[in-house]
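Read off the chains here:
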Amino acid sequence: MKLEELYQKIGGDLKNVMKRIPNEAMIGKFVRKYANDPTYNRLTAAVEAKNWKDAFLAAHTLKGVAQNLGFDRLQKSASALTEAVRGAVPLTDESLFEEVCKDQKEIVEAIEKHALHVFRHHVVALAQNGTGTRHFDECGNAAARDLFSPKPFRRITQGTKRK
């Protein structure tokens, strides 16, 4: 899945993000890193513990990150949740949190598909030109290094030789 397809699938606005970050490779890097962002996990833990102060902070952070990355649906659902728990007020409408969870799951699944597409692209490029890790450094897009453990990546880029 290409970056543009990812944004279409999740109801995002890539063109608006391109106004702030005019480099599509850089946007892709930030999007892939979002999949490992701990903010959603903090939000989930705070809601489960009924810690509304931490829930507010996590929802507010999630809203900002979503807005910066153009994840419009998540930004709107996180915004609604943020306002619902502002001032450490207990959450009375569980559907607000459920909507954030649904949007988050959709985004992470799309990011995983996108990362796999990028990884395949780079593996094919490596196989075609045999340049190893240098290819990743030259093209400026290290998705495989960011998302996959270093040991398997090292074996892929440096052959099957194991230490």
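Residues numbered from 1 in each chain as written. Predicted model: local features only at pLDDT ≥ 70, side-chain atom pairs only at ≥ 80, totals over all residues. Heavy atoms only, no water.

A. Summary view of the overall build of the protein. Within the protein one finds ten helices and zero strands. Mapped in sequence order, the helices and strands of the protein form the string α-α-α-α-α-α-α-α-α-α. Across the 163 residues of the protein, 37% fall into the buried class. Sequence separation of at least 24 residues holds for 58% of the intrachain contacts in the protein that already meet a minimum separation of 6. (Helix = DSSP H or I, 4+ residues; strand = E, 2+ residues; numbered from the N terminus. Buried < 20%, exposed > 50% of the residue type's maximum accessible area, 1.4 Å probe, protein only. Contact = heavy atoms within 4.5 Å.)

B. Inspection of the pattern of salt bridges at higher detail. The tally for this structure, following the rule as stated, stands at five salt bridges. With its nearest N and O atoms 3.5 Å apart, the salt bridge here joins glutamate 99 to lysine 102. Note that glutamate 99 and lysine 102 are positioned in helix H7 (residues 94–129) at a spacing of three residues, about one turn of the helix. (Salt bridge = Lys/Arg side-chain N within 4 Å of Asp/Glu carboxyl O.)

C. Geometry of the environment of alanine 35. Note on placement: alanine 35 falls in the loop between helix H3 (24–34) and helix H4 (39–48). We classify alanine 35 as partly exposed; its relative accessible area is 26%. As for alanine 35 and isoleucine 111, which are separated by 76 residues in sequence, their C-alpha atoms are 6.8 Å apart.

D. View of the side chain of glutamine 75. On the secondary structure map, glutamine 75 appears in helix H6 (residues 72–84). In this structure, glutamine 75 is in contact with Lys63, Ala66 and Gln67, ignoring residues within four places of it in sequence.

E. Spotlight on the confidence of the model for the protein. Looking at the protein, the pLDDT average stands at 81 and 71% of residues meet or exceed 70. The low-confidence segment residues 132–144, where pLDDT is below 50, has 26 contacts with residues more than four positions distant or belonging to other chains. Counted against residues more than four places away or in other chains, residues 146–163, with its pLDDT under 50, gives 20 contacts. (pLDDT = per-residue confidence, 0-100.)

F. Looking closely at the packing of aromatic side chains. Per the counting criterion, the structure on display carries two aromatic pairs. Seen from their ring centres, tyrosine 7 and phenylalanine 71 are 5.9 Å apart, and the 40 degrees between their planes marks the pair as tilted. Of this pair, tyrosine 7 sits in helix H1 (residues 3–10) while phenylalanine 71 sits in the loop between helix H5 (52–69) and H6, and the two are 64 residues apart along the sequence. This pair shows no difference in class: tyrosine 7 is buried, exactly as phenylalanine 71 is. Ring centres of tyrosine 34 and phenylalanine 71 lie 5.2 Å apart, and the angle between their planes is 75 degrees; on these two criteria the pair is classed as edge-to-face. Here tyrosine 34, found in helix H3, pairs with phenylalanine 71, found in the loop between H5 and H6; they are 37 residues apart in sequence, far enough to count as distant. Judged by relative accessible area, phenylalanine 71 falls into the buried class, the value being 1%. Of the aromatic side chains, those joined through ring pairs into one cluster are Tyr7, Tyr34 and Phe71. (Phe/Tyr/Trp six-rings, centres within 6.5 Å; stacked < 30°, edge-to-face > 60°.)

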